[in-house]
Amino acid sequence: MSLILCPECSHTVSDKAISCPGCGYPISLPSLSEAALLTAPADGTHFIAPISVSSVPVSSKKVQKCSRKKLPNGYGSIKKLSGNRSRPYAAYPPVNDHITAKSGTTKLPAIGYYKDWYSAFNALSQYHSNPYDIRSRGLTFADVYGLFYKDKFGQCKKNLSDSSKYAYETAFKNCSSLHSIRFFDIRKQDMQSILDDCTLGYSSLCNLKKLFCQMYRYAMENDIVEKNYAQYVSIRQEDDNEKGEPFSEEELSLLWANKADKTVQMILIMIYSGFRIKAFETVEINLEKQYFKGGVKTIAGKDRIVPIHPAILSFSADFKQNFPNYRARTFRSCSFYPVLQRLGIATTKNGKKHTPHDCRHTFSWLCDKYKMDELSKHLLMGHSLGKDVEKSVYGHRTYEELCAEINKIQV
């Protein structure tokens, strides 16, 4: 006889025992000869009574536990919680790697709560295949935003403007329904619903999406999540940031009088092509066939063909030479506004500040002034034709027809 450990409760028990005295777990069944001796009559006669397995006091509940293996040391633990719970089994990670310098073991939260022991074991196995800091999984959207904001706008980040901070703070307030949700549990549809249900303008939606993307980037860098769901969300609303005021005829004359300046040339290119300032980062300029191809923002605006107006053909040929590393943001702040300030046309007669988008408004005004047909104007500007079936389905213009229309504009 030797002593062994019970597989169920680790209690010391004899290897000859039928079951564990502590928990009743079956250890071994008696052989046929042993069973005969146990049932032999007291008078010494040789009588062997038959014995079946069912006569051994082993409950079906204990037999069911036999399939569960004892978890290895340092693997973690699975505990059945008290009370009437829909998910009573809690899986906990090992504490070996979470020892504090001062007071020993740190109490860790559970990996999760499950309906049965086997689901909890699977979760624990998945944890070991890709270990992570279990405490980071408990961070809410608001918690991660606080860490992200501190990282982005810390004391050493003095080059970021107050308007940028305000944009992030406002975007965070506009997604209040996510604040208390665990960041690890947020999915694409949660963020998409925020964008779809938001009644604010297009720029506010852009700030929301930007916040989601940057928070997920921070979360992935710090092992809070493993997948970036923000990359799949989209803004399903047309850009409504089309407000502006065109340059007046006097302002246009002043720009043409200073056409030797390369920044003024770029402003005139935007005015007589109708492209947004951002589009020139990727626009294709075909000098042989004399057209622009490109566009941003809307589906109708992307990859559209716009013939080059003869008045800006030479400026277009020098574009890449004048601006080899063109970036809209740099051009706007370092070239566009300073030149308008120097020429004295930084503001309109109504006192509003001229913006690069006013060039697009000027193109639209010129199209109307010189009686360009409406369909050609929409196609050149990349406007969506919406539910107008006649125009969206049956409206077509050849390149030659567009050339004829844009050449109506006089300088």
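Here is a short report on the structure shown in this document. Computed from a prediction, not measured in an experiment: that's the story for all the values here. (Residues numbered from 1 in each chain as written. Predicted model: local features only at pLDDT ≥ 70, side-chain atom pairs only at ≥ 80, totals over all residues. Heavy atoms only, no water.)

**Considerations on the nonpolar core**
The criterion, for reference: Only buried Ala, Val, Leu, Ile, Met, Phe, Trp, Tyr and Cys residues count toward a nonpolar core, and they belong to the same one when joined by side-chain atoms within 4.5 Å. Burial classes: relative accessible area under 20% of the type maximum marks a residue as buried, over 50% as exposed, and values in between as partly exposed (1.4 Å probe, protein chains only). Numbering of helices and strands runs from the N terminus; a helix is a DSSP stretch of H or I covering at least four residues, while a strand is a stretch of E covering at least two.
In this structure, Phe280 and Phe292 are the most contacted members of the largest nonpolar core, which totals 45 residues. Where this core is concerned, the elements lending two or more residues are α8 (249-257), α9 (262-273), α12 (328-343), α13 (357-369), α14 (374-381) and α16 (399-406). With eight residues, the single largest contributor to this core is α9.

**Focus on the pairing of strand β9 (residues 291-294)**
What counts, and what does not: Any two strands with at least two DSSP bridges between them are considered paired.
In terms of strand pairing, strand β8 (residues 284-286) meets β9 through three bridges, oriented antiparallel. The partner of Ile285 across the bridge, within β9, is Phe292. Joining the antiparallel neighbours β8 and β9 is a turn of four residues, in which Gln290 adopts a positive phi near 60 degrees. Bridge count between β9 and strand β10 (residues 304-307): four bridges; the pairing is antiparallel. Looking across to β10, one finds that Gly294 is bridged to Arg304.

**Description of α14**
Our working definition: Under the rule applied, a polar contact is a pair of N or O atoms within 3.5 Å (in protein, one hydrogen donor and one hydrogen acceptor; residues adjacent in sequence only if both atoms are side-chain atoms).
Burial analysis of α14 places six of its eight residues in the buried class, the great majority of the element. Turning to α14, its buried residues are Leu375, Ser376, Lys377, His378, Leu380 and Met381. The opening residue of α14 is Asp373, an N-cap whose side-chain oxygen sits 3.2 Å from the backbone nitrogen of Leu375. One or two steps after α14, the chain reaches Gly382, where phi turns positive at roughly 75 degrees.

**Quick notes on the packing of aromatic side chains**
Spelled out, the test is: A pair of Phe, Tyr and Trp rings is counted when the ring centres sit within 6.5 Å of each other, with Trp represented by its six-membered ring. The angle between the planes then sorts it: under 30 degrees is stacked, over 60 is edge-to-face, the rest tilted.
Within the structure shown, the criterion is met by 26 aromatic pairs. When the ring of Tyr145 is compared with that of Phe148, the centres are 6.5 Å apart and the planes differ by 50 degrees; the resulting orientation is tilted. Of the two residues, Tyr145 and Phe148 both sit in helix α4 (residues 141-152), three residues apart, roughly one turn of that helix. The exposure classification of Tyr145 matches that of Phe148, with both residues buried.

**Section: the packing of α4 against helix α5 (residues 162-173)**
Applicable threshold: Fitting a line to C-alpha atoms yields each axis, with helices limited to the stretch in contact; the angle taken between N-to-C directions then spans 0 to 180 degrees. In these notes the angle categories are as follows: under 35 degrees is roughly parallel, over 145 is roughly antiparallel, 65 to 115 is roughly perpendicular, and the rest is oblique. Should any heavy atoms of two residues lie within 4.5 Å, those residues are considered in contact. For this classification, Asp, Glu, Lys and Arg are treated as charged, while Ala, Val, Leu, Ile, Met, Phe, Trp, Tyr, Cys and Pro are nonpolar and the rest, including Gly, are polar.
At a minimum axis separation of 12 Å, α4 and α5 run at an interaxial angle of 175 degrees. When the interaxial angle is binned, α4 and α5 end up roughly antiparallel. Contacts from Phe141, Ala142, Tyr145, Phe148, Tyr149 and Lys152 of α4 reach α5 at Lys165, Tyr168, Glu169 and Phe172. The residue inventory of the contact of α4 with α5, partitioned by class, reads seven nonpolar, no polar and three charged.

**Remarks on the sheet that holds strand β7 (residues 112-114)**
Across a sheet, strands are paired by hydrogen bonds formed along the backbone, either parallel or antiparallel in direction. Taken together, three strands build an open sheet; the order of strands is β3-β4-β7 and the sheet is antiparallel. Two strands close off the open sheet at either side, each with one partner strand: β3 (77-80) and β7. The average angle at which neighbouring strand axes cross in this sheet is 30 degrees, direction not considered. Sheet analysis places strand β4 (residues 89-92) next to β7, joined by three bridges and oriented antiparallel. Bridging across to β7, Ala90 finds its partner in Tyr113.

No statement about biological role is implied by the geometric values presented.
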